[in-house]
Amino acid sequence: MRVTITKQHRDKLKQEAKRTGSGPSKLLRGKRGIAPEGLTSSMIYAWRNGTIRTARDKHLDWVFKAYAGWSPTPKSKTPQKITLTDEHRTLIQSEMKRTGLGAVAILKHAGRPLPDGLNHQKVQRWTSGETRTAVKVHWELVVRLYASVKADQ
């Protein structure tokens, strides 16, 4: 059965997308086999902007129920940073010398994927003094990696 998409429906779709921070594509992501067959994000966008004026009742009901059960994703916390001192730089330089592993090589000892934002260029900038801060968990991971490596591996 088809229902008419009213202004109230369109307003509610816009309000829910704003509340959850999730548009139709995100709402349907990973829902294959859960969402009703034939429902697409482009349909929901078209309902919202008035291009499509009717919908299957089961499609519209599912979308509103999915939005009702959706909690907004909490904003990620800003990563804690540390100020790199001469002691930090000396430590990492001595570990590089002790192990014979540079910035690229030490990160090969880390699991994949690497933490967001960590790369060999950052590690290299720590050692050169070009960077004065580091994300604390990045620093701690690299120091642990060096500590786990025997000399000249």
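Refer to the preceding data block for the structure.
Residues numbered from 1 in each chain as written. Predicted model: local features only at pLDDT ≥ 70, side-chain atom pairs only at ≥ 80, totals over all residues. Heavy atoms only, no water.

Undergrad: Explain the side chain of Thr131 to me, please; I cannot follow it from the model alone.
TA: With respect to the helices, strands and loops of the structure, Thr131 is situated in the loop between α7 (120-128) and β4 (133-135). Looking at Thr131, the relative accessible area reads 18%, which means it is buried. Leaving out residues up to four positions away in the same chain, Thr131 has contacts with Leu84, Arg89, Arg125 and Trp126. (Helix = DSSP H or I, 4+ residues; strand = E, 2+ residues; numbered from the N terminus. Buried < 20%, exposed > 50% of the residue type's maximum accessible area, 1.4 Å probe, protein only. Contact = heavy atoms within 4.5 Å.)

Undergrad: What's the story with the pattern of salt bridges in this structure? I'm lost.
TA: Side chains bearing opposite charge may pair, as long as their charged atoms lie close to each other. Here the structure, examined in full by the defined rule, presents 5 salt bridges. As a salt-bridge pair, Lys7 and Asp11 come within 2.9 Å of each other at their nearest N and O atoms. Linking Lys7 with Asp11, this pair stays in helix α1 (residues 7-20), spanning 4 residues, or about one helical turn. Here Arg19 and Glu16 are joined by a salt bridge, their closest N and O atoms 2.8 Å apart. One end of the pair, Arg19, and the other, Glu16, are both in helix α1, 3 residues apart, so they sit about a helical turn from each other. Judged by relative accessible area, Glu16 falls into the buried class, the value being 7%. Several salt bridges converge on common partners, so that one network encompasses Lys12, Glu16 and Arg19. (Salt bridge = Lys/Arg side-chain N within 4 Å of Asp/Glu carboxyl O.)

Undergrad: What is the right way to look at the packing of α1 against helix α3 (residues 41-49) in this model?
TA: Two quantities define a packed helix pair, namely the angle between the axes and the distance from one axis to the other. Orientation of α1 relative to α3, taken along the N-to-C sense of each, is 120°, at an axis distance of 7 Å. Between α1 and α3, the angle falls in the class oblique. When the axes of α1 and α3 are compared, the crossing they make is left-handed. Listed contacts from α3 to Arg10, Leu13, Lys14 and Ala17 of α1 are Ile44, Trp47, Arg48 and Asn49. Looking at the contact of α1 with α3 residue by residue, the class counts come to 4 nonpolar, 1 polar and 3 charged. (Axes fitted to C-alpha atoms, helices over the stretch in contact; angles between N-to-C directions. Parallel < 35°, antiparallel > 145°, perpendicular 65-115°, else oblique. Left-handed = near helix turned anticlockwise from the far one by under 90°. Nonpolar A, V, L, I, M, F, W, Y, C, P; charged D, E, K, R; others polar.)

Undergrad: It is not clear to me how the nonpolar core should be interpreted in this structure. Could you clarify?
TA: As a rule of thumb, soluble globular proteins bury nonpolar side chains together. Of all hydrophobic cores here, the largest spans 19 residues; its most connected members are Val123, Trp126 and Val142. Elements supplying a minimum of two residues to this core: α5 (86-99), α6 (103-107), α7 and α8 (136-148). Grouped together as the second largest cluster of nonpolar side chains are 17 residues, Ala17, Leu27, Leu28 and Trp62 included. (Core = buried A, V, L, I, M, F, W, Y, C linked by side-chain atoms within 4.5 Å.)

Undergrad: Would you mind showing me how to read the environment of Gln80 here?
TA: Note that Gln80 resides in the loop between α4 (57-68) and β3 (81-83). In this structure, the C-alpha to C-alpha distance between Gln80 and Ser42, residues 38 residues apart in sequence, is 39 Å. Sequence-distant contacts of Gln80, that is, excluding residues within four places in its chain, are made with Ala134, Val135 and Lys136.

Undergrad: Looking at this model, I keep getting lost on α4. Mind explaining?
TA: Counting along an α-helix, one turn takes 3.6 residues, and residues three or four places apart therefore face a common direction. Between its terminal C-alpha atoms α4 stretches 16 Å, which fits the 16 Å expected from 12 residues at 1.5 Å a residue. What α4 keeps buried is the set His59, Leu60, Trp62, Val63, Phe64, Ala66 and Tyr67. (Expected span 1.5 Å × (residues − 1).)

Undergrad: So what exactly am I meant to see when it comes to α7 here?
TA: Taken together, the buried positions of α7 are occupied by Val123, Trp126 and Thr127. The buried residues of α7 occupy an angular sector of 95° when projected down its axis, which confines them to one face. Looking one or two residues beyond α7, the residue adopting positive phi is Gly129, at roughly 85°. (Arc of directions from axis to C-beta.)

Undergrad: So what exactly am I meant to see when it comes to the packing of aromatic side chains here?
TA: The geometry of an aromatic ring pair comes down to the distance between the two centres and the angle between the two planes. Tallying each qualifying case throughout the model produces 1 aromatic pair. Judged by centre distance (5.3 Å) and plane angle (55°), the rings of Trp126 and Trp139 are tilted. Residue Trp126 is located in helix α7, and its partner Trp139 is located in helix α8; the two are separated by 13 residues in the primary sequence. A residue is classified by how much of its surface remains accessible, and Trp126, at 3% relative accessible area, is buried. (Phe/Tyr/Trp six-rings, centres within 6.5 Å; stacked < 30°, edge-to-face > 60°.)

The quantities given are spatial measurements derived from coordinates; they are silent on function.
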